Amino acid sequence: MLNLSGKNALVTGIANNRSIAWGIAQQLHAAGANLGVTYLPDEKGRFEKKVRELVEEPIAPSIFVPCDVQNDEQIQEAFNTVADKWGKLDILIHCLAFADKEGLSGDFSAISRQAFSQALEISTYSLGRLAGAAKPLMNEGGSIVTLTYLGGVRAIPNYNLMGVAKAGLEMSVRYLAAEMGPHNIRVNAISAGPIRTLASSAVGGILDMIHHVEEVAPLRRTVTQTEVGNAAAFLCSDLASGITGQVLYVDAGYEIMGM
Ligand code: NDP
């Protein structure tokens, strides 16, 4: 029985009701976890309002804090709040990424230095940075889950820069799992099939990719946020106590096919 009651879970990356992080937060809540939510702040406070309105009633987060992963002070503040309010953290969901549009279509060799380092900082480096901040709070063990995509393993049209970021992210999962295993902290990734979200809409030809998956994947469809959320809840539960350093494909089986 999947039971997360008594577990404190911090979820990053909710932008709107299409976000994969929102699917994950709802499934962690359904399994009994106590939720904390971070949001990316903007100057006018619009993102904060939008995310607050979305999450407030359905999952009643006991922590709601800003966390721009490019801002070290904000990261530290977010985890200080976790320390003050909860004392311990059991689950960290890293469900965020960003690459400038120039890196998500056209020639890979034309990507600028600035776009490259920004994408890697936000989408890849941030996992280790957040995991490092979570580690001292996971004093009873813990589970960290991040989100990746097949484009980190294969050259998928237009995924370009984010493919490199995801390759680095998947390797970060392995190094973090090796570092944190002795503290009973497990680190895994879910490689989700393509889903229509704000982030994926920036990738050139994403709708064609979704249609291709619907034709070719063994299940003849792509996946939902809820299915990814269920897999994340499993990875965060004691049912997955022997699993770390892995990439779990939640993609309707697309990854096994020869295209
Ligand atoms: P969303 O756009 O819903 O989520 C992306 C999130 O990243 C947003 O909440 C965004 O905030 C946040 N973000 C961007 N920059 C920063 C930053 N500097 N600090 C903190 N947060 C930031 O898209 P998805 O749900 O699709 O993406 C979630 C994860 O899932 C990503 O890692 C993505 O690569 C991965 N994924 C997505 C797939 C898909 O097909 N959709 C498939 C496989 C993996 P804001 O919007 O407020 O700017």
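Preceding this paragraph is the structure being described.
In this report, we go over the structure that sits alongside the text. Numbers given to residues run from 1 along each chain, matching the order in which its sequence is written. Reporting in this predicted model follows two pLDDT cut-offs: at least 70 for local features of residues, and 80 or more for side-chain atom pairs to be given and counted; totals over whole chains, interfaces and linings ignore these cut-offs and use all residues. Calculated side-chain values reflect all of the structure's heavy atoms, with hydrogen atoms and water omitted.

Observations regarding the nonpolar core
Then, number 1: By convention a nonpolar core is built from buried Ala, Val, Leu, Ile, Met, Phe, Trp, Tyr and Cys residues, the set being connected through side-chain atoms within 4.5 Å. Any residue under 20% of the maximum accessible area for its type is buried, any over 50% is exposed, and the rest in between are partly exposed; the area is computed with a 1.4 Å probe on protein chains only. Grouped together as the largest cluster of nonpolar side chains are 56 residues, with contacts concentrated most on Ile14, Ile24, Leu28, Ile93, Ile190 and Val228.
Then, number 2: The contact criterion used is simple: two residues touch if any of their non-hydrogen atoms lie within 4.5 Å. Apart from the residues within four sequence positions on either side, Ile93 is in contact with Leu10, Val11, Thr12, Ile24, Leu28, Val145 and Cys236.

Structural notes on the site of the ligand
Then, number 1: What surrounds the ligand is a group of 27 residues, the closest being Ser19, Ile20, Lys166, Ile195 and Thr197.
Then, number 2: Contacts described as polar in this section are N or O atom pairs within 3.5 Å, which, within protein, must combine one atom able to donate a hydrogen with one able to accept it, while residues neighboring in sequence count only if both atoms come from side chains. In this structure, Val69 approaches the ligand through a main-chain N or O atom, which is 3.0 Å from a nitrogen atom.
Then, number 3: In this structure, Ile195 approaches the ligand through a main-chain N or O atom, which is 2.7 Å from an oxygen atom.
Then, number 4: More than half of the atoms belonging to the ligand lie within 2 Å of the grid points that define the largest pocket.
Then, number 5: Lys, Arg, Asp and Glu make up the charged group, whereas Ala, Val, Leu, Ile, Met, Phe, Trp, Tyr, Cys and Pro make up the nonpolar group; the residues left over, Gly among them, are polar. The residue inventory of the shell around the ligand, partitioned by class, reads 19 nonpolar, 6 polar and 2 charged. Working definition: residue near molecule or strand if any one of its non-hydrogen atoms lies within 4 Å of it. Put plainly, a pocket is an open set of points on a 1 Å grid over the protein atoms alone with protein on both sides within 12 Å along at least five of seven lines, a cavity is a set where a 1.4 Å probe fits but cannot get out, and a lining residue has an atom within 4 Å of a point. In this scheme, a molecule is assigned to a cavity or pocket if more than half of its atoms are within 2 Å of the grid points.

Considerations on the sheet that holds strand 2 (residues 34–39)
Then, number 1: DSSP-based pairing: two strands are paired if at least 2 bridges between them are found. Numbering of helices and strands starts at the N terminus; helices are DSSP runs of H or I of at least 4 residues and strands are runs of E of at least 2. Read from one edge to the other, the open sheet built from 7 strands follows the order 3-2-1-4-5-6-7, with strand pairing classed as parallel. At either margin of the open sheet sits one strand with a lone partner, and together these are strand 3 (63–66) and strand 7 (247–250). Across the sheet, the mean angle separating the axes of adjacent strands is 20° when strand polarity is ignored.
Then, number 2: In this analysis, axes come from line fits to C-alpha atoms, helices being fitted only over the stretch in contact, and the angle between any two N-to-C directions falls in the range 0 to 180 degrees. Along the sheet, helix 4 (residues 113–134) contacts strand 4 (91–94) and strand 5 (142–148); its crossing angle with strand 4, the most-contacted strand, is approximately 165°.

Here's the deal with empty space enclosed by the protein
Then, number 1: Grid points are joined across faces, edges and corners, and a volume is the space filled by probe spheres set on the points. On inspection of all chains with the given rule, the structure shows 1 cavity of 30 Å³ or more.
Then, number 2: The computed volume of the largest cavity comes to approximately 50 Å³.
Then, number 3: What lines the largest cavity is Tyr149, Leu150, Ser191, Ala192, Gly193, Pro194, Val213, Tyr249, Asp251 and Tyr254.

Some points on the packing of aromatic side chains
Then, number 1: Only Phe, Tyr and Trp rings are paired, with Trp represented by its six-membered ring, and only when their centres lie within 6.5 Å; those with planes under 30 degrees apart are stacked, over 60 edge-to-face, the remainder tilted. The full count for this structure, using the stated rule, is 2 aromatic pairs.
Then, number 2: Relative to Phe64, the ring of Tyr39 has its centre 4.8 Å away and its plane inclined at 25°; by these criteria the two rings are stacked. With Tyr39 in strand 2 and Phe64 in strand 3, the pair connects residues that are 25 residues apart, well separated along the chain. Judged on exposure class, the residue Tyr39 and its partner Phe64 are both buried.

Focus: unusual backbone geometry
It is generally the case that most residues other than glycine have a negative phi and that most peptide bonds are trans.
Then, number 1: Its identity as a non-glycine residue notwithstanding, Asn160 has a phi of 20°, on the positive side.
Then, number 2: Tracing the backbone through its elements, the reader meets Asn160 in helix 5 (residues 160–180).
Then, number 3: Positive phi is not limited to glycine here, since Arg220 has a value of about 55°.
Then, number 4: Secondary-structure assignment places Arg220 in the loop between helix 6 (206–216) and helix 7 (225–236).
Then, number 5: Owing to a relative accessible area of 51%, Arg220 belongs among the exposed residues under this scheme.

A look at the environment of Gly36
Then, number 1: One can find Gly36 in strand 2.
Then, number 2: Remark: the alpha-carbon pair of Gly36 and Ala202, spanning 166 residues in sequence, is separated by 27 Å.
Then, number 3: Every residue in contact with Gly36, bar those within four places of it in the chain, is listed here: Ala9, Leu10, Val11, Pro61, Ile63 and Trp86.

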